[in-house]
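Below are the chains, spelled out letter by letter.
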Amino acid sequence: SAHEVSQAPETIGANLQAALRHGNVEFDTAHRTKGGAIRHVHVWAKAVDLGGDVRVYVFLRDITERRQSEDTLAESEDRYRRLVDRLPYGVIVHAEGRVAYSNPAAAKIMGAESPEKLAGVPIMDFVHADSLAAVAKRSKEIANGKEAPPIEERFIRLDGAVIDVEVTTFPFTFRDQ
């Protein structure tokens, strides 16, 4: 055979049996070519009853390049996350008005025990009334593609303390948001 299945044959057989029972099934598997290369394959199997004669149609799609790209992206994201997590500067990423990510330095600055305690908090909850107008103006400028130089703002920590911070803001695509 041209390919040697690297997934246990009984697992693939069980998946195809599931197609017979449920009408269709999808799964990913890996195959080793004669040359030793591993190819990742997405399998979609569909059972069709042709008047009592049940046939299972199997469709294969090579997803090796996609898997390699996903692995490379995951490694890159992990490397940059470790870098940002070690920065002495606070980094907060917000999406749709809520904290989507913060590093440990930001958690400390904002009085949180950990970055997870900031997750999902509305970003405007941290903005002191004295800075609301500046933040609104700045947000509008960024939305219109203008540069936003660093400015000083007043924030409210989780414990209610008011702090002065220097903020640098820029648009950033985070998890497609």
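Residues numbered from 1 in each chain as written. Predicted model: local features only at pLDDT ≥ 70, side-chain atom pairs only at ≥ 80, totals over all residues. Heavy atoms only, no water.

### Notes on the overall build of the protein
When helices and strands are tallied, the protein shows four helices and eight strands. Taken from the N to the C terminus, the helices and strands of the protein come in the order β-α-β-β-β-α-β-β-α-α-β-β. By residue count, 27% of the 177 residues in the protein fall in the buried class. Summarising the internal contacts of the protein: among those between residues at least 6 apart in sequence, 33% fall at separations of at least 24. Looking at the protein as shown, the accessible area adds up to about 12,300 Å², and 53% of this sits on carbon and sulfur atoms. (Helix = DSSP H or I, 4+ residues; strand = E, 2+ residues; numbered from the N terminus. Buried < 20%, exposed > 50% of the residue type's maximum accessible area, 1.4 Å probe, protein only. Contact = heavy atoms within 4.5 Å. Areas by Shrake-Rupley, 256 points an atom, 1.4 Å probe, with all protein chains shown as cover.)

### Remarks on the nonpolar core
By size, the foremost hydrophobic cluster in this structure holds 14 residues, and its most contacted members are Val99, Met110, Leu118, Phe126, Phe155, Ile163 and Val165. Looking at this core element by element, the count peaks at three residues for strand S8 (residues 162-167). Look past the residues within four positions of Phe126 in its chain and what remains in contact with it is Val99, Met110, Leu118, Val121, Arg154, Phe155, Ile156 and Leu158. Grouped together as the second largest cluster of nonpolar side chains are five residues, Val25, Phe27, Val41 and Ala45 included. (Core = buried A, V, L, I, M, F, W, Y, C linked by side-chain atoms within 4.5 Å.)

### Quick look at the pairing of strand S3 (residues 38-50)
The sheet contact formed by strand S2 (residues 24-33) and S3 spans nine bridges and is antiparallel. Directly across from Glu26, in S3, lies its bridge partner Trp44. The hairpin formed by S2 and S3 contains four residues between the paired strands, and Gly36 there has a positive phi angle of roughly 100 degrees. The pairing of S3 with strand S4 (residues 53-62) spans 10 bridges and is classified as antiparallel. Its bridge partner being in S4, Trp44 is matched across the sheet by Phe59. (Pairing = 2+ DSSP bridges.)

### As for the confidence of the model for the protein
Predicted confidence across the protein gives a mean pLDDT of 83, with 86% of residues reaching 70 or more. Taking the mean pLDDT of every element in the protein, the minimum, 40, falls on strand S1 (residues 3-5) and the maximum, 97, on helix H3 (residues 104-109). For the stretch residues 1-6, pLDDT sits under 50, and the model shows 13 contacts to residues farther than four places along the chain or on other chains. (pLDDT = per-residue confidence, 0-100.)

### Regarding a nonpolar patch on the surface
A cluster of nonpolar side chains, Val54, Val56, Val58 and Leu60, forms an exposed patch at the surface whose accessible area comes to about 330 Å². With respect to the secondary-structure elements, Val54 resides in strand S4. Residue classification places Val54 among the partly exposed residues on the basis of a relative accessible area of 44%. (Patch = residues over 30% accessible without salt bridge, like charges linked within 9 Å, V, L, I, M, F, W, Y side chains within 5 Å. Salt bridge = Lys/Arg side-chain N within 4 Å of Asp/Glu carboxyl O.)

### Quick notes on the pattern of salt bridges
Scanning the entire structure with this criterion turns up nine salt bridges. For Arg55, the salt bridge identified is with Asp53, shortest N-O distance 2.9 Å. Between Glu70 and Arg66 there is a salt bridge; the shortest N-O distance is 3.3 Å. Separated by four residues within a single helix, Glu70 and Arg66 lie in helix H2 (residues 64-86), roughly one turn from each other. Arg66 sits in the partly exposed class, given a relative accessible area of 37%. In this structure, a network of salt bridges that share partners links the residues Arg39, Asp62 and Glu65.

### As for the pairing of strand S6 (residues 98-102)
Relative to S6, strand S5 (residues 92-95) runs antiparallel, the two sharing four bridges. Note on S6: the bridge partner recorded for Ala95 is Arg98. Between S5 and S6, which pair antiparallel and follow one another directly, the connecting turn spans two residues, one of which, Glu96, has a positive phi of 55 degrees.

### Brief notes about helix H4 (residues 132-143)
Owing to its 3.6 residues per turn, the α-helix aligns residues three or four sequence positions apart on the same side. Helix length check: H4, at 12 residues, gives a terminal C-alpha distance of 16 Å against a target of 16 Å (1.5 Å per residue), a fit within 8%. When H4 is considered as a whole, its buried residues turn out to be Val135, Arg138 and Ile142. Buried residues along H4 cover an arc of 65 degrees about the axis, so they all sit on one side. Relative to its buried face, H4 has exposed residues pointing more than 90 degrees away, namely Ala133, Lys137, Lys140 and Ala143. Where H4 is buried, its residues contact strand S7 (151-156) and S8. Just past H4, the residue Gly145 takes up positive phi, approximately 85 degrees. (Expected span 1.5 Å × (residues − 1). Arc of directions from axis to C-beta.)

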